[in-house]
Amino acid sequence: MFTLEYANTPVYGNAEGTNIQLIVKWAEFNEEMPFGATSYDSMPHGVALYNRAAAGEFGPIAPYVAPTFSANNQPATTGSQDL
Amino acid sequence: MAIIGNTTTSVPFIADSFSGNASTTAFSPLTRAPAGTAAIAVFIAGVYQAPGTYTLSGVTITFASAPASGVGNIIVLHLGNGSATQVPSDGSVTTIKLSNDTYGYINAAFATANTGTASGSYANSAFATANTGTAAGSYANSAFATANTGSASGSYANSAFATANTGSASGSYANSAFATANTGSASGSYANSAFSTANTTSTNVTNASTYANSAFAKANTAGVGTVTSVATGNGLSGGTITSTGTLVVACPTHNSVGSYASVMFEWTGASGNNTAGSNYAAGAGSKQIQGAKWQDTCCGFKQRGTNNLSGTWKIMFDVNYAGAQAAFGVACRVS
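Model, not experiment: these values are computed from the prediction.

K.L.:
Before we go on, may I ask you to explain the overall build of chain B in this structure?
P.N.:
Secondary structure assignment for chain B yields seven helices and 14 strands. Contacts spanning at least 24 positions in sequence make up 51% of the contacts within chain B whose residues lie at least 6 apart. As displayed, chain B has an accessible area near 21100 Å², and 59% of this comes from carbon and sulfur atoms.

K.L.:
How should a nonpolar patch on the surface be read in this particular structure?
P.N.:
Together, V227, V230, L236, L247 and V249 of chain B make up a nonpolar patch on the protein surface, roughly 450 Å² of accessible area in all. One can find V230 of chain B in the loop between α7 (211-219) and β8 (236-237).

K.L.:
Please clarify how the nonpolar core should be interpreted in this entry.
P.N.:
The nonpolar side chains of a soluble globular protein tend to be buried, and buried together. Membership of the largest hydrophobic core comes to 17 residues, with the highest contact counts inside it found for L22, V24, W26 and L49 of chain A. Counting only elements with at least two residues in this core, the list comes to β2 (19-26), β3 (33-38) and α1 (44-54) of chain A. Excluding its chain neighbours within four sequence positions, the residues that come into contact with W26 of chain A are F2, T3, L4, E5, M33, F35, H45 and L49 of chain A together with S335 of chain B.

K.L.:
Just checking my understanding: could you explain the sheet that holds strand β4 (residues 47-49) of chain B for this structure?
P.N.:
Note on sheets: strands pair through backbone hydrogen bonds, and any given pair is parallel or antiparallel. All names here are of chain B. Sheet architecture is open: four strands sit in the order β1-β7-β3-β4, paired in antiparallel fashion. Strands at the two margins of the open sheet, each flanked by one partner only, are β1 (15-20) and β4. Geometrically, the sheet is characterised by an average inter-axis angle of 30° between neighbouring strands, direction not taken into account. With three bridges joining them, strand β3 (residues 40-44) and β4 adopt antiparallel strand pairing. From the neighbouring strand, I44 faces β4, where its bridge partner is V47.

K.L.:
Explain the sheet that holds strand β6 (residues 60-63) of chain B to me, please; I cannot follow it from the model alone.
P.N.:
Residue and element names in this part refer to chain B. Taken in spatial order, the three strands of this open sheet run β2-β6-β5, and their pairing is antiparallel. Two strands in the sheet have a free side with no partner beyond their single neighbour: β2 (26-27) and β5 (54-57). Of the pairings in the sheet, the one linking β5 to β6 comprises four bridges and is antiparallel in character. Bridging across to β6, L56 finds its partner in I61.

K.L.:
Quick question: what am I supposed to make of the packing of aromatic side chains here?
P.N.:
How two aromatic rings sit relative to each other is given by the distance of their centres and the angle of their planes. Counting across every chain of the model gives seven aromatic pairs over all chains. With a centroid separation of 5.5 Å and an interplanar angle of 40°, the aromatic rings of F2 of chain A and F29 of chain A are classed as tilted. Highlighted residues: F2 of chain A in the segment before β1 (4-12) and F29 of chain A in the loop between β2 and β3, separated in sequence by 27 residues. Taken individually, F2 of chain A and F29 of chain A each receive the classification buried, so the pair is uniform in this respect. With centroids separated by 6.2 Å and ring planes inclined at 65°, the aromatic side chains of Y54 of chain B and F63 of chain B adopt a geometry described as edge-to-face.

K.L.:
Would you take a moment to explain the pattern of salt bridges for this structure?
P.N.:
Oppositely charged side chains can pair when the atoms bearing their charge come close. According to the stated counting rule, one finds three salt bridges over all chains in the structure shown. Between R333 of chain B and D41 of chain A there is a salt bridge, with its nearest N and O atoms 2.7 Å apart. Of this pair, R333 of chain B sits in strand β14 (residues 326-333) while D41 of chain A is found in the loop between β3 and α1, placing the two residues in two different chains. As a salt-bridge pair, R52 of chain A and E57 of chain A come within 2.5 Å of each other at their nearest N and O atoms. R52 of chain A gets classed as partly exposed once you look at its relative accessible area, which sits at 34%. On the basis of relative accessibility, which here comes to 47%, the residue E57 of chain A falls in the partly exposed class.

K.L.:
What am I meant to see in the pairing of β6 of chain B here?
P.N.:
It is a general feature of regular strands that their side chains alternate between the two faces of the sheet. All names here are of chain B. The side-chain alternation of β6 yields one buried face, formed by I61 and F63, and one unburied face, formed by T60 and T62. One ladder, built from two bridges, connects β2 with β6; its direction is antiparallel. Paired with F27 across the bridge in β6 is I61. Taking the residues between adjacent antiparallel strands as the criterion, β5 and β6 are bridged by two residues, where G58 takes a positive phi near 65°.

K.L.:
Got a minute to help me understand the side chain of S256 of chain B in this structure?
P.N.:
As for its position among the elements, S256 of chain B is in the loop between β9 (248-249) and β10 (260-266). S256 of chain B sits in the buried class, given a relative accessible area of 2%. A distance of 2.5 Å separates a polar side-chain atom of S256 of chain B from the backbone oxygen of T253 of chain B. Not counting residues up to four positions away in its chain, the partners in contact with S256 of chain B are S42 and M43 of chain A together with N234 and R333 of chain B.

K.L.:
When you look at the environment of V334 of chain B in this model, what are you seeing that I'm missing?
P.N.:
Inspection of the secondary structure puts V334 of chain B in the segment after β14. With a relative accessible area of 18%, V334 of chain B lands in the buried category. Separated by 21 residues in sequence, V334 of chain B and W313 of chain B have C-alpha atoms that sit 5.4 Å apart. Contacts of V334 of chain B, omitting those with residues within four sequence positions, involve F2, F29 and M33 of chain A together with V257, N279, T312, W313 and K314 of chain B.

K.L.:
Where do I start with the environment of T246 of chain B in this structure?
P.N.:
Tracing the sequence through the fold places T246 of chain B in the loop between β8 and β9. Among residues more than four places away in sequence, those in contact with T246 of chain B are S237, G238 and I241 of chain B.

K.L.:
Is there a simple way to think about unusual backbone geometry in this case?
P.N.:
Across residues other than glycine, the phi torsion is negative in most instances, and most of the peptide bonds are trans. All names here are of chain B. The amide bond that connects S28 to the next residue, P29, takes the cis arrangement and shows omega of 0°. Tracing the backbone through its elements, the reader meets P29 in the loop between β2 and β3. Positive phi values are uncommon outside glycine, yet A22 reaches one of about 70°. Following the sequence through the fold, A22 ends up in the loop between β1 and β2. Although it is not a glycine, A45 sits at a positive phi angle of roughly 55°. As for its placement among the helices and strands, A45 is situated in the loop between β3 and β4.

What counts as what
- Residues numbered from 1 in each chain as written.
- Chains lettered and ligands numbered in written order.
- Predicted model: local features only at pLDDT ≥ 70, side-chain atom pairs only at ≥ 80, totals over all residues.
- Heavy atoms only, no water.
- Helix = DSSP H or I, 4+ residues; strand = E, 2+ residues; numbered from the N terminus.
- Contact = heavy atoms within 4.5 Å.
- Areas by Shrake-Rupley, 256 points an atom, 1.4 Å probe, with all protein chains shown as cover.
- Patch = residues over 30% accessible without salt bridge, like charges linked within 9 Å, V, L, I, M, F, W, Y side chains within 5 Å.
- Salt bridge = Lys/Arg side-chain N within 4 Å of Asp/Glu carboxyl O.
- Core = buried A, V, L, I, M, F, W, Y, C linked by side-chain atoms within 4.5 Å.
- Buried < 20%, exposed > 50% of the residue type's maximum accessible area, 1.4 Å probe, protein only.
- Pairing = 2+ DSSP bridges.
- Axes fitted to C-alpha atoms, helices over the stretch in contact; angles between N-to-C directions.
- Phe/Tyr/Trp six-rings, centres within 6.5 Å; stacked < 30°, edge-to-face > 60°.
- Polar contact = N/O pair within 3.5 Å; in protein donor to acceptor, adjacent residues only side chain to side chain.

Dropping the structure here:
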């Protein structure tokens with residue numbers, strides 16, 4: 001669906017390693033953008049990008065970095081009910 | 001006697017004889033009318049008669065006095081064979097026998113003949129007549145072909161056409177002739193055949209330098225075209241349309257480009273790491289977009305499944321809580 005011009009700085013986007021974060025430049029857009037490539041993407045260009053990144057085509061993949069926020073600091077409401 | 005050249009031949013003079021009767025003074029007809037008394041010698045009974053003794057009128061000789069009687073006693077001897085009009089044999093006179101002055105005279109005559117009305121003038125009529133039978137084999141066409149044999153642009157016939165078109169192209173004689181040539185059947189006419197031949201090699205842009213193709217290319221500059229098929233991509237249905245039809249906005253496939261999702265993302269309060277309208281990658285790390293899921297301690301939502309978004313997402317709007325580090329929102333997949 002999109003034509004890749006280049007991609008770089010791959011970083012794992014989850015602990016399972018099924019998501020690889022990259023900075024990509026698609027021919028269809030004027031600017032670079034962050035992209036989360038996954039093996040389960042419904043878009044073929046996303047899966048293709050994941051496979052190429054996993055194969056090391058865009059360089060070594062940096063380890064996953066978990067977010068810094070904790071559950072105690074997440075937004076909460078009073079009286080909420082589980083769905 | 002030996003001679004050099006053709007063998008000489010002798011031609012006998014013509015002699016007319018008449019019989020006198022002592023009363024008749026005028027005798028006729030002579031074989032030919034003498035140019036004068038010096039052209040004949042007249043004898044009566046073998047005696048030469050001086051020119052003053054007779055007169056001539058056409059083919060009649062009249063004596064001053066009637067010759068005596070006698071059979072064939074009057075002899076009129078023609079002193080030459082006279083002259084006759086020499087007519088060259090058909091097709092025996094060639095142009096090389098004519099002088100340059102003669103050419104000039106003929107051209108002037110043609111120019112004068114064409115001064116009035118071209119189509120009705122004598123010279124044009126003559127050409128039309130000459131071409132009546134078979135164009136390619138007629139004399140006039142052969143002459144034009146010969147005139148153009150050397151250098152086309154510099155030949156006399158081409159120069160004449162160029163001159164004819166100098167004034168007003170559309171009204172000039174040469175253009176009128178081409179227009180007439182194309183009147184009947186365009187594809188079969190001579191002028192169109194020539195254009196067709198010129199374009200035989202290729203009609204692509206490589207040959208645009210040729211005049212005919214350049215003209216066609218310029219004619220197509222406006223960019224008129226026809227749409228033959230309209231397909232539908234993600235978020236649209238109703239295609240492929242090849243004639244008429246209706247496109248409908250469809251619900252995009254989950255996680256496809258153009259789809260929307262309720263998301264959660266990191267938010268660090270005043271620092272504003274995530275901004276509505278900006279693009280972020282889908283993922284579970286810092287400053288990344290995750291699918292809407294939450295722990296059951298938050299907001300009445302309960303976490304369900306795993307983050308299943310991919311690609312690049314743009315935050316459309318968000319709901320933040322002061323002091324919290326994460327927020328909810330809606331995002332649209334960009335790529």
